[in-house]
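# Overview (structure and organization)
Listed here are the chains, written in short residue letters.
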Amino acid sequence: ASRAPSPLKGYHTRGSTKPIIHIDDSRSLLRSVESLIQDHRPFLQSKVLSVEGEAIRWSIGLLRNLTRKEAHCNIIARTEIPFLILSLLVTTPHPLIRWSKDSVEVMSLSVLKNMASQESTRCLLKACNAIEVIQRLDNERERLGLSLNTAAIIA
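The notes below deal with the structure included here.

The rules behind the values
Residues numbered from 1 in each chain as written. Predicted model: local features only at pLDDT ≥ 70, side-chain atom pairs only at ≥ 80, totals over all residues. Heavy atoms only, no water. Helix = DSSP H or I, 4+ residues; strand = E, 2+ residues; numbered from the N terminus. Buried < 20%, exposed > 50% of the residue type's maximum accessible area, 1.4 Å probe, protein only. Contact = heavy atoms within 4.5 Å. Core = buried A, V, L, I, M, F, W, Y, C linked by side-chain atoms within 4.5 Å. 1 Å grid on protein atoms, 1.4 Å probe; cavity = no way out; pocket = protein on both sides within 12 Å on 5 of 7 lines; lining within 4 Å. Points joined across faces, edges and corners; volume = space filled by probe spheres on them. Nonpolar A, V, L, I, M, F, W, Y, C, P; charged D, E, K, R; others polar. Expected span 1.5 Å × (residues − 1).

The number of helices and strands found in the protein chain is eight helices and zero strands. Ordered by position from the N terminus, the helices and strands of the protein chain form the series α-α-α-α-α-α-α-α. Evaluated residue by residue, the protein chain yields a buried proportion of 38% over its 155 residues. Looking at the protein chain alone, contacts between residues at least 24 apart form 59% of all its contacts between residues at least 6 apart.

On to the nonpolar core. Ile37, Ile60, Leu63, Ile85, Leu88, Leu112 and Met115 are the most contacted members of the largest nonpolar core, which has 33 residues in total. Elements represented by at least two residues in this core include exactly α1 (29-44), α2 (51-66), α3 (70-76), α4 (81-91), α5 (104-116), α6 (119-127) and α7 (130-144). In terms of residue count, α5 provides more of this core than any other element does, seven residues in total. Setting aside chain neighbours within four positions, we find Met115 in contact with Thr67, Cys73, Ile76, Ala77, Pro82, Thr121, Arg122, Leu124 and Leu125.

A word on the environment of Val133. Note on placement: Val133 falls in helix α7. Judged by relative accessible area, which is 10%, Val133 ranks as buried. On a C-alpha basis, the gap between Val133 and Leu89 in space is 8.0 Å, while along the polypeptide they are 44 residues apart. Discounting chain neighbours no more than four positions away, the residues touching Val133 are Leu86 and Val90.

Attention now goes to empty space enclosed by the protein. All chains considered together, the criterion is met by one cavity of 30 Å³ or more. Considering only enclosed or pocket space, the largest cavity measures out at about 40 Å³ in volume. Looking at the largest cavity, the residues that line it are Leu44, Gln45, Leu88, Thr92, Pro93, His94, Val104 and Glu105. In the lining of the largest cavity, the residues fall into four nonpolar, three polar and one charged.

Turning next to α5. Helix length check: α5, at 13 residues, gives a terminal C-alpha distance of 18 Å against a target of 18 Å (1.5 Å per residue), a fit within 8%. α5 sits mainly inside the fold: 11 of its 13 residues count as buried. Regarding α5, the residues found buried are Val104, Glu105, Met107, Ser108, Leu109, Ser110, Val111, Leu112, Asn114, Met115 and Ala116.

Set out below in structure tokens:
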């Protein structure tokens, strides 16, 4: 009896020299997160809490934690995720003054800040006009008397 091929074929395992999954694999977790953010963005336009909106929030939280490492920043930079995150910040219906620590918006800023702290991904953020977007947010926060200066980190 022959065995079915392993669904994990080609994945890196501890101590193995096999390559890790390629970014082009639509089945990868990162591509799934990217797709989830893309497909469920309209749910963030509502002020009503939804499962889809929460899925995006949790996904952005995952990305916030992943982007603490340069290798992860480099992989994420090869996706549409940085552009999607910027889009979320530009189109959010939530007033800046109501953003909380674990809101989609603040976690999105954390992802961008983490990516900006890496020389290898900072140029991508500059190229996609992240500095202008974040500068507008900083100006609004300053006008409201709130503290945050993320634009200086990216510049």
